[in-house]
Structure formats: C-alpha cells, structure tokens
Amino acid sequence: MIEHVVLRHRLPGLENINQLAAYQASGGFDAYRTVVTSMTPQAVIDLIKASGLRGRGGAGFPTGVKWSFLSNRFPRYVVANSDESEPGTFKDREIMERNPFQFLEGLMIASYAAQASTAYNYLRGEFWELAARLDAQIAELHAAGLLGKNVLGTQYSLAVHNHLGAGAYICGEESALLESIEGKLGQPRLKPPFPADRGLYGQPTVVNNTETLANIPPIVARGAQWYRTLGTESSPGTKVMCLSGHVANAGNYEVPFGITFRELIYGLAGGIRGGRALKAILPSGASAPILAATDKVLDTRLTYEDVAALGSQLGSASIILMDETVDMSWVAMKTTHFFKHESCGKCTPCREGTYWMTHILDRVQAGGVQAADLALLSDVTQQIGGKCLCPLGDFATSAVVSSLKLFPADYEQHVAVAAAVPAKPAARAKVAQPVS
Amino acid sequence: MSLLQKYPDEVAAILARYPADNKRSAVMPLLYLAQRAENYVPAAAIDEVAVLCEIAPTQVASIVGFYTLYYDKQAGRHRIQICTDLPCALRGADEFAAAVCAHLGVEMGGTTADGKVTVEGVMCLAACDRAPMFQVQNGAGLTFHENQTLESVKALVAKLQTE
Ligand SMILES: Cc1cc2nc3c(=O)[nH]c(=O)nc-3n(C[C@H](O)[C@H](O)[C@H](O)COP(=O)(O)O)c2cc1C
Ligand code: SF4
Ligand code: FES
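Residues numbered from 1 in each chain as written. Chains lettered and ligands numbered in written order. Predicted model: local features only at pLDDT ≥ 70, side-chain atom pairs only at ≥ 80, totals over all residues. Heavy atoms only, no water.

Visitor: How should I be thinking about the overall build of chain A in this particular structure?
Guide: Within chain A one finds 19 helices and 9 strands. A compact globule built from 436 residues should have a C-alpha radius of gyration of about 22 Å, and chain A, at 23 Å, falls within 12% of that. C-alpha extents for chain A along the principal axes are approximately 80 × 45 × 35 Å. The proportion of buried residues among the 436 residues of chain A is 61%. Of the contacts formed within chain A by residues at least 6 apart in sequence, a portion of 71% connects residues at least 24 apart. Carbon and sulfur atoms provide 55% of the accessible area of chain A, an area that totals close to 15,600 Å². Distance between charge centroids for chain A: 2 Å, based on 38 positive and 39 negative side chains. (Helix = DSSP H or I, 4+ residues; strand = E, 2+ residues; numbered from the N terminus. Rg over C-alpha atoms; globule rule 2.2 N^0.38 Å. Buried < 20%, exposed > 50% of the residue type's maximum accessible area, 1.4 Å probe, protein only. Contact = heavy atoms within 4.5 Å. Areas by Shrake-Rupley, 256 points an atom, 1.4 Å probe, with all protein chains shown as cover. Lys, Arg positive; Asp, Glu negative; His and termini not counted. Charge placed at Lys NZ, Arg CZ, Asp CG, Glu CD.)

Written as structure tokens, this is what we have:
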C-alpha cells in the first residue's frame, strides 16, 4: 500500500477534503494550530530541516535549509510557486483542485516559520477557474479565524492572496516570478542576491513549489522521523510523478522516492499503450536530456541523485514516455518550439539560439536538410549551453543534444531521403493516433 | 466608461492586495479587468491602468506585449486555444487541431467569418493526461475542455456561435 502524503483526497473516505469541514474533520489545520499556538518559528524550521524535505519545483533544494537563509529584515514574504508550466507537469493543479486546504495550510505554516504576514500564491494565468475557487477558500479561512488579524487569538497575523500570471513559462523561475508579482516583465534577475535576501519588493522572501508546501502539514502532524521512513535517505518522502505521452494510463502517481522507472511505468501505469515498445523517456518535461529506454534506465531508482547519475534530471518528475514509433528529431523540434516561444528575450544566446534551432529542426522535418545542417544544429547548441543568464537556455538545448547523440539515425533518415529525392519530403514515422 | 466607474469594488479589492507603495503590482489583475468587456485591452484602458499603477503607459503596454494571455487587438469573441505541445501531440493533438481548423474552415490562428471564434495552438496547459484538450478564453476568463473529440468541439462551437 503506497502512502499518500499529498494526494490524500485519493484515499477512501477523504474524497471531499476539498471542503473545509471535511478537511478539518480529517485533522486538517491541526498542524497549523500547533505551530501557531505552541511552536517558535525556529522550531518549525528545525523540524522541516530534520525531515529532509526537498523542494519539488525541480531543483530538489532542502526546504528547511532554504528557510534558514532568510536575512534578518522585515517585512518578509512567502510565495507559492504554482506556475506549473513545464510540458508534462500537472500535479500542482491536482493538488490545488482536490486537496487545496492542505496546500494552503502548508503555505500558512511556511509563512509562520518565515515570520511573514503576507503570502502570495502565483498561479499560471490558465489556472483561472482554480484561482477563483482558491479565492473563495481563502475567504473561508478568514471567516474561520485561521487567516487575518491575530490568528487563533495569537499575536500572529497573516493574509494570503492569489496572483494570476498571464501565460509565460519563464515566470516559473523564481526571480522572474517575483518580477511578475511586482508588475514587471517576467525576466529572471541576476543572482546573487537570492530571494532569501532580496526577494519580493527587495525583502527577504521564501519561494516554494505547491507540492513542497503540501508536504508540510503531514510532516508537522506526524513528525520528521515518520517522514524519513518514506523514500530514500537523501530523497525522503513521496513524489507525485506526472506520466504522459504513450503510457497506458496517463496521470499523477504519488510514490515513495526510490521506486524504479520500470515499477512506475509497467507496475503502476499499465505499461505502454497498445503493448508497443518504449523507446525513450523525458524524465523532466522538455527541460532535461532524453533517456533511451534501456534496461539500465528502466531499473534506475526515481531519486534526484539516481536520475542525475544517468545524465538527466528528475526535476519536477514530468515523465513523458515515447514509444517505438516516435521520431526523436520530431521530439526535439517540438521542445525547441516550446523554448523559442518561452524565451524571455533577455540574453542573446537564448533568444537567437532557440530561433535558429527551430529553423533547422523544421527543415529536418520537411526533409530538406543536409549533413552540414546537423553539424550547424550541434554548433548552435554549444553557442547556447552555459552562456545564459538563467537555466532556460540550457534547458532548450538538452533534448536536441541528447537526441542527436542517442538517436542519430532519426536525423539521418531525413538527410538520406533529402539527398536521394530532393523534391519530396522525407518519410517519417507518424505519431500515433489517440486511442479512443 | 473607465474601469473605476465600471468596476469600482473590484479595482479597490485588487489594489488592496499589494503594499500601498507598490501599486505597480496591480497591473496584471487590472489588465484582466480591462480585457473583460471585449477580450482585448483597448488603448484607453492602457492609460487608465498606468494611472492606477502609477507607471508610464508604455510600461503597461510592454506587459500586454510580453504575456501571451493579454491582447492589444480584437480577434474572435472566443479564443479556442488547443494545446499542441509535445505530451498532447504524442496523443494526437496536432491531428485534432487540424480537424478543428478544417471544421471551422480557418487556418491555425484564424477567426471564423462571424467573428465569434479564433483558433490558436498553444503550449502545455497542465492537462497532458487528458489530451486532446483546449482552453477557451474570452473576456469572462478561461475554461478548460479536456478529453475532447471533434464531436464535442462541434457542439461547443455551435453553442458559442449562437451566444
Ligand atoms: C525556466 C524555469 C522554470 C521553472 N518553473 C517552475 C515552475 O513552474 N514551478 C516551480 O515550482 N518551480 C519552477 N522552477 C524552479 C523555481 O525557480 C524554484 O527553484 C522553485 O520554485 C523553488 O521551490 P522548491 O524549493 O519548493 O522547489 C523553474 C525554474 C526555471 C529555471
Ligand atoms: S536564458 Fe533565456 S529565458 Fe533565461 S534570462 Fe536568458 S533569455 Fe531569458
Ligand atoms: S502538453 Fe498539452 S496540456 Fe500538457
């Protein structure tokens, strides 16, 4: 039986915890009550540190450690990162839709620990309907005395506001997100200073992912030791894995860190659609290198360290599966169009490089490409890699570089056909039709 | 009519969410308000939002230009934005999008002759497990439509066109 820490609404009897009364009946807000009425902020930080909780937004940074970096200035802010725009990610949305109060409770506990009296939840603009529901839920918490002035009769006061973005992936990057709340273009800041020192409005700020925050109430309620019984030594707890693409049963799977790709894909998610062979895996959306679906990869444990050891990243665990019919040069074309669209334009290598990569990759698909073009493509990736202000530039090259390396034949088929029959587009593997 | 005259309570509530000396933070929510009537931000609203946020009109205009969900030009009353990003495309989104365009008799990005519906291809909308899917954006906001078929789109479009 897999422990549900975050997707608790999937447990029998807890389907209605998106309603405040049902959430409270299941022990909801007991952790917040304990924290606000009987713990010091430092004690909360120490508890989260002891749990080993790592940030679920992609980088896996230890949450308690991040909180302890806050500069000694006030006011401070806490910001939930609910931008969720990585292709293949849809976990924060399920959490906020089905278990919203646990997420809000986590945000409120984080705010107390940071001694912040204002918190913002930054949602991607497309989560419009969700934001409206969260507005109403926040109002309920005010009415219940859990938010507002003198929470639960203590000296502590807290307000939580939703802030809707408006369609920009880069606003998931924490400093661009803060710029966006400040009413500016969503462009990353130079770091340092980090948000813990100079964040929102120049004040010390904690930015945490939605899923990270949703882990916090159970840790407070059940203790750091309990949390460490889940997952592995260096990646404790559970992780919501988003499975998409050619998997039989796409969706979110909350599993302890440390189960393998094979256990997740074939054990829990029904394997590959139509019984086809799995060709490749993008473990972290469009942003990290492609993995060929070898036995070694399939038997790799899903932890930050193990996936990094394969030369890719677990990131936010947006696992995109591709079967044997997929042309990986087409995949690179798709991810590159994404990054070209989402480049914020601040640095030249990213802005221009993504433009050139899409040009070449479109020509690959059209079949009008020559070997020299592939060399040029490779060259462009080197002009971008390591030369940008924020990680998006590197993200943009990873599917291109890894597909060129692992699946050269997928590119060469377009070159060969173009040379033989210049007038005709190359034959290419067709993407599978949806099963109805 | 100005935003303040039209939506006085909402403008006040938006401004109250941010520190009094950081009114600029209200620019994004105010732009959604400005877009409500016609599904794009009219030039006059740019000036008014600038005054409310205590910034220059060009700064407001650059926000409209940067973020994809704001528009400075009128298009269809409803924008059907089909996700054709990689995970959805692996489940047939490109073919689905082409079928929707063919049904409406428009190119991707085009607007139907009655001016009711614009079709656009967009990046991942955090619903990849329920492809094919799209969102419909109009002045009132955004709604998600998941696990779609050509039949369900036809029914929806017929409804939108009679509104
Ligand atoms: C281009 C880019 C996009 C990102 N998008 C997101 C996102 O959508 N959601 C998120 O939580 N973190 C995202 N991050 C990571 C954030 O910058 C930040 O590390 C994270 O919100 C910290 O929270 P955590 O420690 O709880 O993971 C992104 C980073 C980059 C570079
Ligand atoms: S790398 Fe790209 S997204 Fe990041 S700051 Fe530079 S231009 Fe913007
Ligand atoms: S790729 Fe379409 S919703 Fe994610």
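From this point, the discussion proceeds with the structure in view.
Visitor: For this particular structure, what's the right way to read the site of ligand 2?
Guide: Taken together, 13 residues sit near ligand 2, with Cys344(A), Lys346(A), Cys347(A), Cys350(A) and Cys390(A) positioned nearest. Broken down by class, the residue content of the shell around ligand 2 amounts to 9 nonpolar, 3 polar and 1 charged. (Near = heavy atom within 4 Å. Nonpolar A, V, L, I, M, F, W, Y, C, P; charged D, E, K, R; others polar.)

Visitor: What is the right way to read the sheet that holds strand 6 (residues 251–256) of chain A from this model?
Guide: Two modes of strand pairing occur in sheets, parallel and antiparallel, and in both the strands are linked by backbone hydrogen bonds. Residue and element names in this part refer to chain A. Strand order in the open sheet made by the 5 strands is 6-5-9-7-8, with mixed pairing throughout. The sheet terminates laterally at strand 6 and strand 8 (291–292), the two strands that pair on one side only. Direction of pairing for strand 5 (residues 238–245) relative to strand 6: antiparallel, over a ladder of 6 bridges. In the sheet register, Cys 242 faces strand 6, and the bridge partner there is Asn 252. (Pairing = 2+ DSSP bridges.)

Visitor: Explanation requested: the site of ligand 1 in the structure shown.
Guide: All names here are of chain A. Taken together, the neighbourhood of ligand 1 is formed by 18 residues, with Gly 57, Lys 66, Asn 208, Asn 209 and Thr 212 sitting nearest. In this structure, an oxygen atom belonging to ligand 1 sits 2.9 Å away from a side-chain N or O atom of Asn 208. Taking 610 Å² as the accessible area of ligand 1 by itself, protein coverage stands at 90%. The element contributing the most residues to the shell around ligand 1 is strand 4 (residues 205–209), with 3 residues. Grouping the constituent residues of the shell around ligand 1 by class yields 4 nonpolar, 8 polar and 6 charged. (Polar contact = N/O pair within 3.5 Å; in protein donor to acceptor, adjacent residues only side chain to side chain.)

Visitor: For this particular structure, what's the right way to read the domain arrangement of chain B?
Guide: Many structure descriptions define interface size as the accessible area lost when the parts assemble. With domains assigned, chain B is organised as domain 1 (3–66) and domain 2 (78–162). Placing a centre on the C-alpha atoms of domain 1 of chain B and another on those of domain 2 of chain B gives a separation of 28 Å. (Domains from an automatic or database assignment.)

Visitor: Looking at this structure, I do not really get the interface of chain B and chain A. What am I missing?
Guide: Each partner contributes to the interface: chain B provides 42 residues, whereas chain A provides 63 residues. Taken together, the two surfaces of chain B and chain A that pack against each other cover about 4,100 Å², and 60% of this comes from carbon and sulfur. Viewed at the interface, chain A and chain B are joined by 2 salt bridges. For Glu146(B), the salt bridge is made with Arg93(A), and the minimal N-O distance between the two is 2.9 Å. At the boundary of chain B and chain A, one finds 21 residue pairs in polar contact (both at pLDDT 80 or more). Those elements that provide at least two residues to the side of chain B that touches chain A are helix 3 (27–35), helix 5 (57–66), helix 6 (86–89), helix 7 (93–104) and strand 4 (141–145) of chain B. Residue classes in the side of chain B that touches chain A are distributed as 24 nonpolar, 9 polar and 9 charged. (Buried area = accessible area lost by both parts, 1.4 Å probe. Salt bridge = Lys/Arg side-chain N within 4 Å of Asp/Glu carboxyl O.)

Visitor: Explain the packing of aromatic side chains to me, please; I cannot follow it from the model alone.
Guide: Think of a pair of aromatic rings as described by two things: how far the centres are apart, and how the planes are tilted against each other in angle. As enumerated under the stated definition, the model contains 19 aromatic pairs over all chains in all. The interplanar angle of 75° and the centroid separation of 4.9 Å between the aromatic rings of Phe66(B) and Tyr67(B) together place this pair among those described as edge-to-face. Between the aromatic rings of Tyr67(B) and Tyr70(B), the centroid separation amounts to 6.4 Å while the plane-to-plane angle is 80°, which identifies the pairing as edge-to-face. For Tyr70(B), a relative accessible area of 4% gives the class buried. Connected via pairs of aromatic rings, a cluster forms that spans Trp128(A), Tyr32(B), Phe66(B), Tyr67(B) and Tyr70(B). The ring of Phe127(A) has Arg124(A) lying over it, and the distance from NZ or CZ to the ring centre is 5.8 Å. (Phe/Tyr/Trp six-rings, centres within 6.5 Å; stacked < 30°, edge-to-face > 60°. Lys NZ or Arg CZ within 6 Å of the ring centre and 35° of its normal.)

Visitor: Help me out: how do you make sense of the packing of helix 5 (residues 91–98) of chain A against helix 7 (residues 128–143) of chain A in this one?
Guide: All names here are of chain A. Packing of helix 5 against helix 7 leaves a shortest axis separation of 10 Å and a crossing angle of 35°. Helix-helix and strand crossings are classified by hand; for helix 5 and helix 7 the assignment is left-handed. Of the residues in helix 7, those touching helix 5 at Arg 93, Met 96 and Glu 97 are Leu 130, Arg 133 and Leu 134. Taken together, the residues that form the contact of helix 5 with helix 7 break down as 3 nonpolar, no polar and 3 charged. (Axes fitted to C-alpha atoms, helices over the stretch in contact; angles between N-to-C directions. Left-handed = near helix turned anticlockwise from the far one by under 90°.)

Visitor: Teacher, can you tell me more about the sheet that holds strand 1 (residues 78–83) of chain B here?
Guide: Residue and element names in this part refer to chain B. Spatially, 4 strands are ordered 2-1-3-4 in an open sheet, and the strand pairing comes out mixed. The open sheet has two edge strands, strand 2 (117–122) and strand 4, and neither has a second partner. In this sheet, neighbouring strand axes are inclined to one another by 25° on average, regardless of whether the strands run parallel or antiparallel. Here strand 3 (residues 134–138) runs beside strand 4; their pairing, made up of 5 bridges, is antiparallel. Its bridge partner being in strand 4, Gln 137 is matched across the sheet by Leu 142. Its contacts with the sheet put helix 8 (residues 150–162) on strand 1, strand 2, strand 3 and strand 4, and the angle it makes with strand 3 is roughly 5°.

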